[in-house]
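Each chain, written out:
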Amino acid sequence: MEIKEAIEKMGFPIIPDEKSGAWQWFDVRELKLRYILSVEGIKKFYEGLKEGKLLATKCKCGRIFFPPQKDCPSCKKSEMEWIELKKEGVLETLTVIHVRPTSFSHYDPYAVGIAKLDDGVRILAWYRGEPKLKPGQRVKVEIVKRKEGYLTYELVPI
Ligand SMILES: [Zn+2]
């Protein structure tokens, strides 16, 4: 049921759920959301990316964080050391996103993968290449420019 149709029928933008029949309010206004996050504590990560480096933070307790974090949730400390990750590893899983979030609706369906880098750190990133998962598939991490003009990293089969 369309929102206009629902308003005519129900008197409100209420569209009963197809399966359960439970009433659901569909707001007539679309919500656009833009957020601002502080990255002050991990700005070295962005500086590294610009230089072609993939940087992570390592806590004194041994935990490694990628994407980097300033604070360690295990020992509650903020004494992090910056380490450079190896940009190669093994692809562990892969999925193709057909139903894209609104913020990526201007992209064709894309693949996302998780790889375990050779230094043991797992990385989640877009996967460029034929989306077929082969056991032991080696991948490298490439730093690329997104359509929007900023840098990001992608997994690419070797
Ligand atoms: Zn820690």
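Bear in mind the structure is a predicted one, so any value in this text is a computation, not a measurement.

1. Concerning the overall build of the protein chain
Helix and strand content of the protein chain: 2 helices and 8 strands. Written out in order from the N terminus, the α and β elements of the protein chain read α-α-β-β-β-β-β-β-β-β. In summary, the protein chain has a C-alpha radius of gyration of 21 Å against a globular reference of 15 Å for 158 residues, an excess of more than 25%. Dimensions of the protein chain, computed from the C-alpha atoms along their principal axes, are close to 60 × 40 × 30 Å. Expressed as a percentage of its 158 residues, the buried residues of the protein chain come to 28%.

2. Some points on the environment of Lys76
Within the secondary structure, Lys76 is located in the loop between strand E2 (64-65) and strand E3 (80-84). For Lys76, a relative accessible area of 69% puts it in the exposed group. Expressed as a C-alpha distance, the spacing of Lys76 and Cys59, which sit 17 residues apart in the sequence, is 9.9 Å.

3. As for the side chain of Thr57
Mapped onto the elements of the fold, Thr57 is located in strand E1 (residues 55-59). Relative accessible area serves as the criterion here: at 2%, Thr57 is assigned to the buried category. A polar side-chain atom of Thr57 sits 2.8 Å from the main-chain carbonyl oxygen of Gln69. Each residue touching Thr57, except ones within four places of it in the same chain, is listed here: Arg63, Ile64, Phe65, Pro68, Gln69, Met80, Glu81 and Trp82.

4. Considerations on the sheet that holds E1
Note on sheets: strands pair through backbone hydrogen bonds, and any given pair is parallel or antiparallel. The sheet built from 3 strands is open, its strands ordered E2-E1-E3 with antiparallel pairing. Whereas interior strands pair on both sides, the edge strands pair on one side only; in this sheet they are E2 and E3. Pairing analysis gives 2 bridges linking E1 to E2, with the strands arranged antiparallel. Bridging across to E2, Lys58 finds its partner in Ile64.

5. A word on the packing of aromatic side chains
Taken as a whole and judged by the stated rule, the model has 9 aromatic pairs. Cluster of aromatic residues (ring-pair linked, three or more members): Phe45, Tyr46, Phe66 and Tyr153. A cation over an aromatic ring shows up here: Arg146 above the ring of Trp126, its NZ or CZ 4.5 Å from the ring centre. The residue whose ring lies beneath Lys147 is Tyr107, and the NZ or CZ to ring-centre distance is 4.4 Å.

6. Thoughts on the coordination of the zinc ion
For the zinc ion, the protein coordination sphere consists of Cys59 (SG), Cys61 (SG), Cys72 (SG) and Cys75 (SG), at 2.3 Å. Classification of the site at the zinc ion rests on its 4 donor atoms, whose angles at the metal span 98 to 122°, yielding the label tetrahedral. Of note, the zinc ion draws all its donor residues from one chain, in the sequence arrangement C-x1-C-x10-C-x2-C. Of this pair, Cys59 sits in strand E1 while Cys75 sits in the loop between E2 and E3, placing them 16 residues apart in sequence. Cys75 gets classed as partly exposed once you look at its relative accessible area, which sits at 28%.

Cut-offs applied
Residues numbered from 1 in each chain as written. Predicted model: local features only at pLDDT ≥ 70, side-chain atom pairs only at ≥ 80, totals over all residues. Heavy atoms only, no water. Helix = DSSP H or I, 4+ residues; strand = E, 2+ residues; numbered from the N terminus. Rg over C-alpha atoms; globule rule 2.2 N^0.38 Å. Buried < 20%, exposed > 50% of the residue type's maximum accessible area, 1.4 Å probe, protein only. Polar contact = N/O pair within 3.5 Å; in protein donor to acceptor, adjacent residues only side chain to side chain. Contact = heavy atoms within 4.5 Å. Pairing = 2+ DSSP bridges. Phe/Tyr/Trp six-rings, centres within 6.5 Å; stacked < 30°, edge-to-face > 60°. Lys NZ or Arg CZ within 6 Å of the ring centre and 35° of its normal. Donors = N, O, S within 2.8 Å, 3.2 Å for Na, K, Ca; no water. Tetrahedral: all angles 85-135°; square planar, octahedral: opposite > 155°, others 65-115°.

The analysis is restricted to geometry; functional conclusions fall outside its scope.
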